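Listed below are the residues making up each chain.
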Amino acid sequence: MKTLTTIGCALVMLVTGGVAWAVAQDAKAAEVLAKTREALGAASIERMKTLSVEASMQRNVGQMQISSDVEMLLEMPDKFVRSETSRGGMNMTMSTGFNGDTAILPAGARMTAPGAMVIRMGPGGPIQGDAPKLTDEQKAQMNAASLRAARSELSRMMLGWFGMAHPTLKAQYTYAGEAESPDGKAHVIDVKDGDGFEARLFIDQNNHLPLMVTYKGRQPRMMTSRMPAGGSGAPQGSAQARQLTDEERKKLQEETEARIKQELADQPLVEFALFFDDWREVDGILFPHLMRRGAGGETNEEWTINKVRVNPKIDARKFDVSR
């Protein structure tokens, strides 16, 4: 993958400290965002009720490089699903998102700590059986954390697509100043809500288009503990292969959760940058067809947008929370 763009790396020095979805907190932010939405196609954005985005994505996770096909479906005001089908050895599909206040989770998913999700894998992909049952309180906590994560990730995308966060965040926008690079200047807008969401939107002063969104988070990691379908740590078909007892499954789950929590505690927050480029008009909306996400000067994700549809008819089953 390519490293981060020159303007992205340089847009770090602050010089100075229409649509119903977004409410700007101050007049300057309102003025800048209004110009941005006009440049993007404000009238068509206002008429947008549904959106479909298909993309090819490459992601670096540690030493692994994963290639995937991604479909994102948005239905205003409160439905979103992202389905990612990996190519190559893993060859599986996972869906995340939300339908109202209920999160859409991948099969076999279990939230172990804020920002950490474990997906249990069997020979055929994600599995749901054998895991200790969650209490109602644990289910509520997992739903809240997953819902928050999905809305935050979608909002970071939407800031670059439409100059606004998803309306469920009830975000406020504050003008933070200007940023400079050898290629020009950018307006800087701080975006926050009352529940911990924070991001910074950079907008090109020349054409009023979003350049990038920055935010703090932890580097994605992949931890695997693959078992045969029977639930044993021994090779399938061997004399030692057997079903784990309830007590053994519970102990294994607790050990996994404790390990992930400790590794998260030891992992510092880093600043991510999500870049938007290759703008093309789709049904009256100027939409980026290339996105890159990186941290520390290295790109860990690259998205090539293959198809965008505005106001398509979406099958309601796509937002099924029981998948």
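The structure this text deals with has already been given above.
Let me sum up the structure you'll find in this document. Predicted model only: the values in this text are computed from it and were never measured.

Rules used throughout
Residues numbered from 1 in each chain as written. Predicted model: local features only at pLDDT ≥ 70, side-chain atom pairs only at ≥ 80, totals over all residues. Heavy atoms only, no water. Salt bridge = Lys/Arg side-chain N within 4 Å of Asp/Glu carboxyl O. Helix = DSSP H or I, 4+ residues; strand = E, 2+ residues; numbered from the N terminus. Buried < 20%, exposed > 50% of the residue type's maximum accessible area, 1.4 Å probe, protein only. Pairing = 2+ DSSP bridges. Polar contact = N/O pair within 3.5 Å; in protein donor to acceptor, adjacent residues only side chain to side chain. Contact = heavy atoms within 4.5 Å. Lys, Arg positive; Asp, Glu negative; His and termini not counted.

Points about the pattern of salt bridges
Any two side chains of opposite charge can pair if their charged atoms end up close together. Tallying each qualifying case throughout the model produces 19 salt bridges. We note a salt bridge from Arg 151 to Asp 101, for which the minimum N-O separation is 2.9 Å. Taken together, the residues span a long stretch of sequence, with Arg 151 in helix α4 (residues 136–162) and Asp 101 in the loop between β5 (93–99) and β6 (102–104) at a distance of 50 residues. With a relative accessible area of 56%, Asp 101 lands in the exposed category. With its nearest N and O atoms 2.6 Å apart, the salt bridge here joins Arg 200 to Asp 190. Residue Arg 200 is located in strand β13 (residues 198–204), and its partner Asp 190 is located in strand β12 (residues 184–192); the two are separated by 10 residues in the primary sequence. Owing to a relative accessible area of 24%, Arg 200 belongs among the partly exposed residues under this scheme.

A word on the pairing of strand β3 (residues 64–75)
Bridge count between strand β2 (residues 50–61) and β3: 12 bridges; the pairing is antiparallel. Paired with Ser 56 across the strands is Asp 69, a residue of β3. Direction of pairing for β3 relative to strand β4 (residues 79–86): antiparallel, over a ladder of eight bridges. Paired with Leu 73 across the strands is Val 81, a residue of β4.

Thoughts on the side chain of Glu 84
Looking at the element boundaries, Glu 84 is found in strand β4. Residue Glu 84 is classed as buried on the basis of its relative accessible area of 13%. A polar side-chain atom of Glu 84 sits 3.1 Å from a polar atom in the side chain of Ser 68. Of note is the side chain of Glu 84, whose polar atom sits 2.9 Å from the side chain of Arg 82. When neighbours within four sequence positions are excluded, Glu 84 is seen to be in contact with Met 57, Arg 59, Ser 68, Asp 69, Val 70, Met 92, Thr 93 and Met 94.

Side note on the side chain of Asp 204
Tracing the backbone through its elements, the reader meets Asp 204 in strand β13. Buried Asp 204, no salt bridge; nearest opposite-charge side chain is Lys 185, N-O distance 12 Å. Once you skip the residues sitting within four places of it in the chain, Asp 204 turns out to touch Lys 185, Leu 209 and Leu 211.

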